[in-house]
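Observations on the model geometry
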Amino acid sequence: MRWSQAFIPTLRDDPSDAEAVSHRLLVRAGFIRQLMAGSYSILPAAFRVRAKIEKIISEEIDAIGGQQFLLGALHPSDVWRQSGRWDVMGDEMFRIVDRKGADVALGMTHEEIFATVASELSSYKQLPQLWYQIQTKFRDEPRPKSGLLRVREFTMKDSYSLDIDQDGLDKQFEAHYGAYLRIFARLDLDAIPVEASSGAMGGSGSVEFMVRSDAGEDLVAHCATCGYAANVERAESVVPAVIDEVGPDTPEMFDTPGVRTIAALETFPGGAAADRQIKTLVYIADDTPVLALVRGDHALQEQKLADALGVGEVRPAQAEEIRELLGADAGSLGAVGVSDVTVVADRALQGRTNMTTGANSDDKHYRGVSIKRDISVTQWVSLREVTAGERCTNCSDGTLDVFRAIECGHIFKLGTKYAEALGATVLDENGKSRPIVMGSYGIGLERNLAAIVEVHHDDKGIVWPVSVAPWQVAITVVQAKDEPSQTAASTIAGGLEAKGWDVMVDDRNERPGVKFADAELIGFPYRITVGSRGLDAGTVEVVDRRSGTRSDVALGDVVDHVHGLLSG
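Counting restarts for each chain, with residues numbered from 1 along the sequence as it is written. For this predicted model, a pLDDT threshold of at least 70 governs which residues receive local features, and a threshold of 80 or more governs which side-chain atom pairs are given and counted, while totals over whole chains, interfaces and linings are taken from all residues. Side-chain descriptors were evaluated using all non-hydrogen atoms of the structure, hydrogens and water having been removed beforehand.

**Re helix H6 (residues 166-186)**
Secondary structure follows DSSP: runs of H or I at least 4 residues long count as helices, runs of E at least 2 residues long count as strands, and numbering of each begins at the N terminus. Residue count minus one, scaled by 1.5 Å, sets the expected span of a helix. The end-to-end C-alpha separation of H6 is 30 Å, in line with the 30 Å expected for 21 residues at 1.5 Å each. Within H6, burial applies to Gly168, Leu169, Gln172, Phe173, His176, Gly178, Ala179, Tyr180, Ile183 and Phe184. Pairs of N or O atoms within 3.5 Å make up the polar contacts considered here, provided that, within protein, one atom can donate a hydrogen while the other can accept it, and that residues adjacent in sequence are counted only when both atoms are side-chain atoms. For H6, the capping residue at the N-terminal end is Asp165, with a side-chain oxygen 3.4 Å from the backbone nitrogen of Asp167. Any residue under 20% of the maximum accessible area for its type is buried, any over 50% is exposed, and the rest in between are partly exposed; the area is computed with a 1.4 Å probe on protein chains only.

Shown next as C-alpha cells:
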C-alpha cells in the first residue's frame, strides 16, 4: 500500500471532546470519525485492525467446534416478549413500530433468536452444538462516551452452546474460557477472568474478562495472594466482627432535629458511630418497593440487590414513593416494626444489637435496636460494596486491590431459560422431551480494538501489537522524488509482503519530520527509513516502535532481518 493513495486523515491536535486515550488517539491517527453520539465510522486503518481481531476470534471459536451463522439484526417483539425481556431491557433497547404497526427491535443480543433456530433440533443425538455469529448490535446507551468503549452501535461475536444437560454446558463453558484466554493473549491483552453478575441475561453463573485500565467503567476486586478476582457487583470480603453491647429490652426513640445523614448522626449528641448504624434504603424492583439494609459505614451495591431479588435492575425510590411507603423522608428511615414490605439485609448486620436507625418519623431515630428482635428480615445476602485493603474471603491472608477495568468479554451459563420460553426442546435417550441447556459467550470487536490502544500507547501515539497492526511495517522514503529511494522501498515492500506481512510505503511528498510523526502516531510496529545517504552506504534504518531501538541494516539483509523481528 502506498500512503499517497491511502485515506488516513491524521490530525495535529486532540479532539476536544475525547476523554479516553483510545478515543483521542484513534481520532487523531485517522482510524475513526464520529457520526453521532455513540456511533462511529470505521475508517480503512481501523477496518484492517478490526478484521484481524475478527480473524483471531473466529479461528479460536472454530477450533472448539464453532459453526458460524448470521442472524437478523431486526427482531420481532414477540420472541422478546416470550422470554420476558421485552420489558426487562427497558430504554436501552431500540424499539421501532413498522408501517404495519408491529413492534420490532434492533437486536442488542441474540439469545432469543438463536433459541428459535434451535427449536428445529429434535433429538439429543444432534447435541452438542456450538453456534456463533459476528453481527452488528444496538444499545441505546443513555451516556455514550469514551469513543469505541461505550457506544450505541457495535460489532459483537456472540456464540451459543446447546447441550442436553448441565455437564455438557460445563464442558462448553470451560472450552470457551480457554478460547477466550487464547484470544486475549493473541490480542496482547492481559485479561483477568473475574466472577460476575449475570444481570438481565440470567443463568447460573458468568465470568467476565477484564483488562485493567483507567478508562474502564467496571471495578474489579483482586487478591494478588491467591488470584481471587470478582467484579464489585459480585465481590465479597472479610468484614471484621463488631462486638455490641446487649442494649435495652426495646428500641428507644429519640429526637434528632435536622439529622439527615450517617455522618450527622455520628456527631449528634446521643448518636452512634457509623458502624453501629443501620442504613435503610428504599428501592423499586419491578414496580414493588423493597428495603435494603446495610451498615452505616458501608455502601450498597445495587446489582447485588437486583441479583438477590431476581430482577434485571432496581432503581432508588423517589421522594414521594418513600413517604407514601414509610411516612417519612430520607434520612429518618428504618425497618423497625415494618411489615408487608420485603426487607433485604446485608450479612454484616446479622446478629447485631444495640444499633441505631431511623424511626420512620422525620427528625426521630431509634437506639438500642436488635436486628433479630426488632426487624423482620426477609432475606440475608451480601449487599455491601467491597473496598480496597479489605481481607480476601478466598484465602484470608491477602488483601483486595480494587481497580478500574474494561470488560472485553463475558461468558454466561444460561441454563434452560430461553429454550423453555421459545420451545427449543429435544427428546432424550428415554424419549422424554427436555429443554436444551444453553450458554452464551460474547466479545465486542470495537471495544477490544479500543482496549488494545488503551494498553499499548505512549506519548507519541499508538503502539500496535504485531498481531493486529493495520500494517506491520512502514517504509518511510525520506525524499519522495528520489527514484533510487522509491525503487529500494518498493523492493523491500515486495519482499516483506511475499513473506505475509502488511506494508505501508510512505511515498508522500512531505517533510521527513511529518512522516516520522505520523508513523509514530499510527503505531506501525516497525519503521524502515530509506534515504539517499543510507543507500550510498548500502544500508537502511530499522526502528522498533515499542522500544525505540534503531539499527542500520544492510539493504540486502533488511527483508530477512525485519521478518525475523516480526516473527519473533
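**Regarding the sheet that holds strand S20 (residues 364-369)**
We treat two strands as partners when DSSP finds at least two bridges between them. Read across the open sheet, the 3 strands follow the order S14-S20-S19; overall the sheet is antiparallel. Looking at the sheet topology across the chains shown, the edges are occupied by strand S14 (252-255) and strand S19 (355-358). Here the strands of the sheet are splayed against their neighbours by 30 degrees on average, with no regard to which way each runs. Here an axis means a line fitted to C-alpha atoms, over the contact stretch when the element is a helix, while the angle between two N-to-C directions is reported on a 0 to 180 degree scale.

**Quick word on the environment of Ala102**
Mapped onto the elements of the fold, Ala102 is located in the loop between strand S5 (95-97) and strand S6 (103-106). The partly exposed category is assigned to Ala102, whose relative accessible area is 34%.

**Describing the pattern of salt bridges**
Salt bridges are identified by distance alone: a Lys or Arg side-chain nitrogen within 4 Å of an Asp or Glu carboxyl oxygen. Considering all chains together, one arrives at 39 salt bridges under this definition. In this structure, the salt-bridge partner of Asp401 is Arg212, at a minimum N-O distance of 3.1 Å. Of this pair, Asp401 sits in strand S23 (residues 400-415) while Arg212 sits in strand S10 (residues 205-212); the two residues are 189 residues apart in sequence, bridging distant segments of the chain. With a relative accessible area of 30%, Asp401 lands in the partly exposed category. The shortest N-O distance in the salt bridge between Asp297 and Arg295 comes to 2.8 Å. With a relative accessible area of 39%, Asp297 lands in the partly exposed category. Classification of Arg295 as buried rests on a relative accessible area of 8%. Each member of the salt-bridge network shares a partner with another, and the members are Lys55, Glu59, Glu60, Arg182 and Arg186.

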